[in-house]
Amino acid sequence: MFHVTERLLLRPAWPEDAEAIFGGIADEGVVRNLASAPWPYSREDAQAFVLRAQRDSYPLFLITSQSRLVGCIGIDQNGDAGPGAAELGYWIARPYWGRGFATEATRAVIEIARLLGHARLSAGHFVDNPASGRVLRKAGFQPTGQVAKRHSCGRGGAADCVMFALDLQDAPQIPVAA
């Protein structure tokens, strides 16, 4: 599955992307804000990531701009929210922070989730990463009022995470880029 926005191409990861992924995510400032990426992040971790099987209802995309890897975004099953629930997650490589790429990619994945038949998306950000909260709000997510302990492999334990949700039937549709 591919998706084009104004500035981005969202596409699957391929084996030849492993080195670029390693270069983008092997940064403690990136990994500490993720749930499942280990720290330190190794080339072997990047190789394993690009070989992961894709699931049709829960796609994972590399975020690219002008053929450069910007980050990664996708939806996954959210076991905490019941069967069929989906959770959005993403990371952006440090050189691309603050340029609106996370918001643009998030809006695209919201549209993809809607097309795939998901009714609701959840997301969260660690309390010490308020920039992700701003991304989620710009994309239409609403705070749930919950702060949950979420595990982060990069932090080596649980940390407080501010939870958000988006009902896809209520969210305005974003026009698809031409």
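Our subject is the structure listed above.
Residues numbered from 1 in each chain as written. Predicted model: local features only at pLDDT ≥ 70, side-chain atom pairs only at ≥ 80, totals over all residues. Heavy atoms only, no water.

### Quick notes on the sheet that holds strand β5 (residues 86-92)
Reading across the sheet, the eight strands line up as β1-β2-β3-β4-β5-β6-β8-β7 and stay open at both edges, with mixed pairing between neighbours. The open sheet is flanked by β1 (3-4) and β7 (142-152), the only strands paired with a single partner. Bridge count between strand β4 (residues 68-77) and β5: seven bridges; the pairing is antiparallel. The residue of β5 that forms the bridge with Asp76 is Glu87. (Pairing = 2+ DSSP bridges. Helix = DSSP H or I, 4+ residues; strand = E, 2+ residues; numbered from the N terminus.)

### Focus: a nonpolar patch on the surface
A cluster of nonpolar residues, Phe2, Val4, Leu9 and Trp14, forms a patch on the protein surface that exposes about 350 Å² of accessible area. Mapped onto the elements of the fold, Leu9 is located in strand β2 (residues 9-11). (Patch = residues over 30% accessible without salt bridge, like charges linked within 9 Å, V, L, I, M, F, W, Y side chains within 5 Å. Areas by Shrake-Rupley, 256 points an atom, 1.4 Å probe, with all protein chains shown as cover. Salt bridge = Lys/Arg side-chain N within 4 Å of Asp/Glu carboxyl O.)

### Comments concerning the packing of aromatic side chains
Inspection of every chain in the model, using the stated rule, returns two aromatic pairs. Ring geometry for Phe2 versus Trp14: centroids 6.3 Å apart, planes at 50°, classification tilted. Pair noted here: Phe2 is in the segment before β1 and Trp14 is in the loop between β2 and α1 (18-25), with a separation of twelve residues, a long-range link. On the accessibility criterion, Trp14 (34% relative accessible area) is partly exposed. Here the aromatic rings of Tyr96 and Phe101 are separated by 6.0 Å at their centres, their planes lie at 65°, and the arrangement is edge-to-face. The class of Tyr96 is buried, set by a relative accessible area of 15%. Given the relative accessible area of 7%, Phe101 is considered buried. One Lys or Arg, Arg155, reaches over the ring of Phe126 and ends 4.3 Å from the middle of that ring. (Phe/Tyr/Trp six-rings, centres within 6.5 Å; stacked < 30°, edge-to-face > 60°. Buried < 20%, exposed > 50% of the residue type's maximum accessible area, 1.4 Å probe, protein only. Lys NZ or Arg CZ within 6 Å of the ring centre and 35° of its normal.)

### Observations concerning the side chain of Arg114
Its location among the elements puts Arg114 in helix α4 (residues 101-115). Exposure remark for Arg114: the relative accessible area of 17% places this residue in the buried category. A distance of 2.6 Å separates polar atoms of two side chains, one belonging to Arg114 and the other to Glu111. Only 2.7 Å separates the side chain of Arg114 from the backbone oxygen of Leu168, close enough to count as a polar contact. (Polar contact = N/O pair within 3.5 Å; in protein donor to acceptor, adjacent residues only side chain to side chain.)

### Description of the nonpolar core
By size, the foremost hydrophobic cluster in this structure holds 47 residues, and its most contacted members are Ile21, Ile25, Tyr41, Ile73, Leu88, Trp91 and Phe141. Apart from the residues within four sequence positions on either side, Leu88 is in contact with Ile73, Gly74, Ile75, Thr106, Val109, Ser122, Ala123, Leu136 and Phe141. (Core = buried A, V, L, I, M, F, W, Y, C linked by side-chain atoms within 4.5 Å. Contact = heavy atoms within 4.5 Å.)

### Let's talk about unusual backbone geometry
The linkage connecting Trp39 with the following residue, Pro40, adopts the cis geometry, with an omega of 0°. Relative to the helices and strands, Pro40 is located in the loop between α2 (28-31) and α3 (43-50). If you check the backbone angles, Gln66 has positive phi at about 50° while not being a glycine. Looking at the secondary structure, you find Gln66 in the loop between β3 (60-65) and β4. Residue Gln66 is classed as exposed on the basis of its relative accessible area of 65%. Of note in the backbone geometry, Ser67 takes a positive phi value of approximately 65° without being a glycine.

### Comments concerning the pattern of salt bridges
Inspection of every chain in the model, using the stated rule, returns eleven salt bridges. Arg43 serves as the salt-bridge partner of Glu19, at 2.7 Å between the closest nitrogen and oxygen. Taken as a pair, Glu19 in helix α1 and Arg43 in helix α3 lie far apart in primary sequence, 24 residues in all. On the accessibility criterion, Glu19 (45% relative accessible area) is partly exposed.

### What about the environment of Ala113?
Here Ala113 is to be found in helix α4. Look at Ala113 and you get buried, because its relative accessible area is 0%. The sequence separation of Ala113 and Arg134 amounts to 21 residues, and the corresponding C-alpha distance is 20 Å. Apart from residues no more than four positions distant in its own chain, Ala113 is found in contact with Ile75, His118, Leu121 and Leu168.

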